[in-house]
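# Fold and contact review
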Amino acid sequence: MIKSSDEVEIMAESGRLLASVFTYLDGLALAGQTTMQINDLVERFIVDELHARPASKGQYGYGFVLNCSRNEVVCHGVPSTQDVLSNGDIVNFDITLEKNGYIADSSKTYFVGEVSPVARRLVETTYEAMWKGIRAVRPGARLGDIGHAIEKHAKRAGYSIVRDYCGHGIGREMHEKPEVLHFGKPGTGLTLREGMVFTIEPMLNQGRRMVRTEDDGWTVVTVDGKLSAQFEHTVAVTRDGVRVLTLRPEERFAPKF
């Protein structure tokens, strides 16, 4: 689970490139585009512009470069030529990128046009919850500290935390140890050490935390049909804190919530 300083620097380059994919997405008009069109644009950008590999394509038999999870879709939404993004939607794009043998993983939930105050509050709270978890990362802290910070923020806002999916170690493989739960008790779980690299990727539901997988075997939705949102970063434990390897340019001075 421990990466050398050289490995962390290679992963930081993968993370920097992945952050630029989201900057590219920021400039797109999403309304009216299909999720497959977004998938194809991202693939071309990663391959042709960044000269990197979209790590999700072919992983576990998955045929696309990203997951697009819209509204009640919690995660693993499959791109489709029939799924047209519309004004008022929220949609999460979850993307992985490999460069020089190491993988970075990140996701961001976007507003499509003008969204309702209810949807906006969910998305903003999810983003804040991710950062609460990130700020709990330091040598000597415990994995339970991360989960507790996330869960506390979510519950205070009236949302539930999806427990079926979690963050994960990452490096040469997309999924490595440890598992990073988004709920938990402080002072419990694995002790964090310098050189650990993992994702923090909470999924918050507007309603119940229960989910189900649709017949395609991939798409996970809320059982009650209510909204879900997610954000994700790849982080490294440093000598005195945490380094966000997939930090996007607009986050360089991330607000303290």
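Residues numbered from 1 in each chain as written. Predicted model: local features only at pLDDT ≥ 70, side-chain atom pairs only at ≥ 80, totals over all residues. Heavy atoms only, no water.

## Details of the nonpolar core
Heads up, the rule is: In plain words, nonpolar cores are sets of buried Ala, Val, Leu, Ile, Met, Phe, Trp, Tyr and Cys residues tied together by side-chain atoms within 4.5 Å. We call a residue buried when its accessible area falls under 20% of the maximum for its residue type, exposed when it is over 50%, and partly exposed in between, using a 1.4 Å probe and counting protein chains only. In DSSP terms, a helix is any run of H or I states spanning at least four residues, a strand is any run of E spanning at least two, and both are numbered starting from the N terminus. The contact criterion used is simple: two residues touch if any of their non-hydrogen atoms lie within 4.5 Å.
Ile146, Leu192, Phe198 and Ile200 are the most contacted members of the largest nonpolar core, which has 33 residues in total. For this core, the elements supplying multiple residues, two or more each, are α3 (117-134), α4 (143-156), β9 (197-200) and β14 (233-237). Among the elements that take part in this core, α3 stands out by supplying eight residues, more than any other. Contacts of Phe198, omitting those with residues within four sequence positions, involve Val137, Ile146, His168, Gly169, Ile170, Val180, Leu192, His233, Thr234, Val235 and Val237. Membership of the second largest hydrophobic core comes to 23 residues, among which are Leu17, Leu30, Leu66 and Tyr110.

## Details of the pattern of salt bridges
Put simply, the rule reads: Salt bridge, as used here, is a side-chain nitrogen of Lys or Arg placed within 4 Å of a carboxyl oxygen of Asp or Glu.
Counted by the stated rule, this structure contains 14 salt bridges. Across the salt bridge formed by Arg53 and Glu98, the nearest N and O atoms sit 2.9 Å from each other. With Arg53 in strand β1 (residues 53-54) and Glu98 in strand β4 (residues 90-99), the pair connects residues that are 45 residues apart, well separated along the chain. The salt bridge involving Arg248 is made with Glu250; its shortest N-O contact spans 3.1 Å. The buried category is assigned to Arg248, whose relative accessible area is 2%. On the basis of relative accessible area, Glu250 is assigned to the partly exposed category, the value being 44%. Overlapping salt bridges bring together Asp26, Lys108, Arg248, Glu250 and Glu251 as one network.

## Overview of the sheet that holds strand β6 (residues 160-161)
Hydrogen bonds along the backbone pair up the strands of a sheet, which may run parallel or antiparallel. Which entries qualify depends on this criterion: Strand pairing requires that DSSP identify at least two bridges connecting the strands.
The sheet built from three strands is open, its strands ordered β6-β10-β13 with antiparallel pairing. Both outer strands of the open sheet, β6 and β13 (228-230), are each paired with one neighbouring strand and no more. In this sheet, β13 lies alongside strand β10 (residues 203-205) in antiparallel orientation, the contact comprising three bridges. Counterpart to Asn205 in the pairing with β13 is Ser228.

## Details of the layout of surface pockets
This is how it is decided: Within this scheme a cavity is a closed region of a 1 Å grid, computed over the protein atoms alone, that accommodates a 1.4 Å probe without allowing it to escape, whereas a pocket is open but has protein on both sides within 12 Å along at least five of seven lines; lining residues each have an atom within 4 Å of a point. Grid points are joined across faces, edges and corners, and a volume is the space filled by probe spheres set on the points. Each residue gets one of three labels, nonpolar for Ala, Val, Leu, Ile, Met, Phe, Trp, Tyr, Cys and Pro, charged for Asp, Glu, Lys and Arg, and polar for the others, Gly among them.
Size it by volume and the largest pocket reaches roughly 450 Å³. For the lining of the largest pocket, the class distribution of residues is nine nonpolar, nine polar and seven charged.

## A closer look at the packing of aromatic side chains
Quick note on the threshold: Between rings of Phe, Tyr and Trp, where Trp is taken as its six-membered ring, a pair exists when centres lie within 6.5 Å; planes separated by under 30 degrees are stacked, by over 60 edge-to-face, and by other angles tilted. Definition used: whenever NZ (Lys) or CZ (Arg) falls within 6 Å of the ring centre and also within 35 degrees of the ring normal, the charge is taken to sit over that ring.
Under the definition given, this model contains six aromatic pairs. Plain terms: the ring middles of Tyr127 and Trp131 are 6.5 Å apart, the flat faces sit at 75 degrees to each other, and that makes the pair edge-to-face. Of this pair, Tyr127 and Trp131 both sit in helix α3, four residues apart, which is roughly one turn of that helix. Each member of the pair Tyr127 and Trp131 is classed as buried. Every member of this aromatic cluster is reached through a ring pair, and the members are Tyr62, Phe64 and Trp218. Here the guanidinium or amino end of Arg120 rests over the ring plane of Phe111, the centre of that ring lying 4.3 Å away. Directly above the ring of Phe183 sits Arg163, whose terminal nitrogen or CZ lies 4.0 Å from the centroid.

## Regarding the sheet that holds strand β12 (residues 220-222)
The condition is simple: Where helices are involved, their axes are fitted lines through C-alpha atoms of the stretch in contact, as for all axes, and angles between N-to-C directions lie from 0 to 180°.
The antiparallel open sheet is built from three strands, whose spatial order is β3-β12-β11. Looking along the sheet, the strands with just one partner apiece sit at the ends: β3 (73-75) and β11 (211-213). Sheet twist, expressed as the average angle between the axes of neighbouring strands with direction ignored, equals 40 degrees.

Any link to function would need more than the numbers given here.
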